Every structure is written in C-alpha cells, then in structure tokens.
Amino acid sequence: MSAATQDFCPCTSGALFNECCGPLLRGDAKAPSAVALMRSRFTAFFLDDVPYLERTWHPTTRPPALGLDPNQQWTHLEILGTHKGGPLDSDGSVEFRAHYRYGKQRGSLHENSRFVKEHGRWLYVDGVIGD
C-alpha cells in the first residue's frame, strides 16, 4: 500500500500526506509533538513501513523484530485525548483508537500510549490497551 503526495494522509488529520506524515516517514522532518508522532506511526502501520516504526520506538522497549500481519489493514485513526507531549515537554501520552479490517472482520485497538522526547526526537515507549 502506498500514499501519493496528493492523497489525504492515512492518519485522518485531513491534511495531504506530503504536508502531514510524509516528511516524517521520509526522514525530512521530526515530529513536533507526541500526537504528531502517534499519527505518523499509524500511517507507518497503514503503509507497512517497518523501518519507520523501528526508528521511532524507544530502544529499551522495542521488540527485537517487528513483523506486521499482511492480512490486517489499518483503516483510520481517532485521537481521543492527549496529556502533555508538546514541543516544550519531555514526555506525554496519547489516547487513540485505531480501526482495522482483518479479512471480512472489522475491529479497533484502543490504547493509551506513552512517549518521551530524547535528543529532540519523540519516541514511542509503550502503551496500555483499553477496551
């Protein structure tokens, strides 16, 4: 799956891919906030961009290998809330619901994710799965 520069971003921000998550995934820009990193990571899941997911996962919690299920298709993201995670913060959290299709079934993942900013870069640490 790919996103063209003129397409709306898969993170459902309403912005064009090339003006939203595209520069982050290409490495042309850094996420300015925890929620921006969350959106870009959803887009990476949508696009099966494992290298980006690994680069933005804190090394102390990143699994040794990350394999994505090709049968799971991420469809859209809802940001439910944020705590801290702004440009002047060193940590923050984002509560979200990510929707997917798995074959003919539909489902969602509800998570409250923790992020830290180290050396000017936001990184995903871990998350607590909700209902």
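Counting from 1, residues in each chain are numbered in the order their sequence is written. Reporting of local features is limited, given that this is a predicted model, to residues whose pLDDT is at least 70; pairs of side-chain atoms are given and counted only at 80 or more, and all residues count toward the totals for whole chains, interfaces and linings. With hydrogens and water set aside, each side-chain value is computed from the structure's full complement of heavy atoms.

Engineer: Describe the packing of aromatic side chains, listing the residues and the values that go with them.
Structural biologist: Here is the rule: rings of Phe, Tyr and Trp (six-membered ring for Trp) pair when centre to centre is within 6.5 Å. Planes less than 30 degrees apart are stacked, more than 60 are edge-to-face, and the remainder are tilted. On inspection of all chains with the given rule, the structure shows 5 aromatic pairs. Pairing Trp57 with Tyr124 gives two aromatic rings, centres 5.2 Å apart and planes at 80°, and the pair type is edge-to-face. Placement of the pair is Trp57 in the loop between helix H3 (50–55) and strand S1 (72–84) and Tyr124 in strand S4 (residues 121–129), with a sequence separation of 67 residues. Any residue under 20% of the maximum accessible area for its type is buried, any over 50% is exposed, and the rest in between are partly exposed; the area is computed with a 1.4 Å probe on protein chains only. You can call Trp57 buried: its relative accessible area is 13%. Overall, the relative accessible area of 10% leaves Tyr124 in the buried class. Taken together through their ring pairs, the aromatic side chains of Phe42, Phe45, Trp74 and Tyr100 make up a single cluster. Put simply, DSSP marks the helices as runs of H or I at least four residues long and the strands as runs of E at least two long, and each gets a number from the N terminus on.

Engineer: Could you give an account of the pairing of S4, with specific residues and numbers?
Structural biologist: One requirement defines pairing of two strands: DSSP has to find at least two bridges between them. Note that strand S3 (residues 105–118) and S4 share 8 bridges and pair antiparallel. Within S4, the position partnered with Phe115 by the bridge is Tyr124. Counting the residues that bridge the hairpin from S3 to S4 gives 2 residues, and of these His119 lies at a positive phi of roughly 55°.

Engineer: Tell me about the pairing of S3, and please be specific about residues and values.
Structural biologist: Pairing of strand S2 (residues 91–102) with S3, which is carried by 12 bridges, proceeds in the antiparallel orientation. Bridge assignment links His99 to a residue of S3, and that residue is Ser108. Counted between consecutive antiparallel strands, the loop separating S2 from S3 contains 2 residues, among which Gly103 sits at a positive phi close to 65°.

Engineer: Can you tell me about the sheet that holds S2, naming the residues and giving the values?
Structural biologist: Sheet architecture is open: 4 strands sit in the order S1-S2-S3-S4, paired in antiparallel fashion. Each of the sheet's edge strands pairs with one partner strand only, and the pair in question is S1 and S4. Going across the sheet, the axis of each strand differs from the next one's by a mean of 30°, ignoring polarity. Note on contacts: a residue pair qualifies if any of its non-hydrogen atoms lie within 4.5 Å across the two residues. Lines fitted to C-alpha atoms define the axes, with helix axes restricted to the stretch in contact, and inter-axis angles between N-to-C directions lie between 0 and 180 degrees. Across the sheet, helix H2 (residues 34–47) lies against S1, S2, S3 and S4, angled at about 170° from S1, the strand it touches most.

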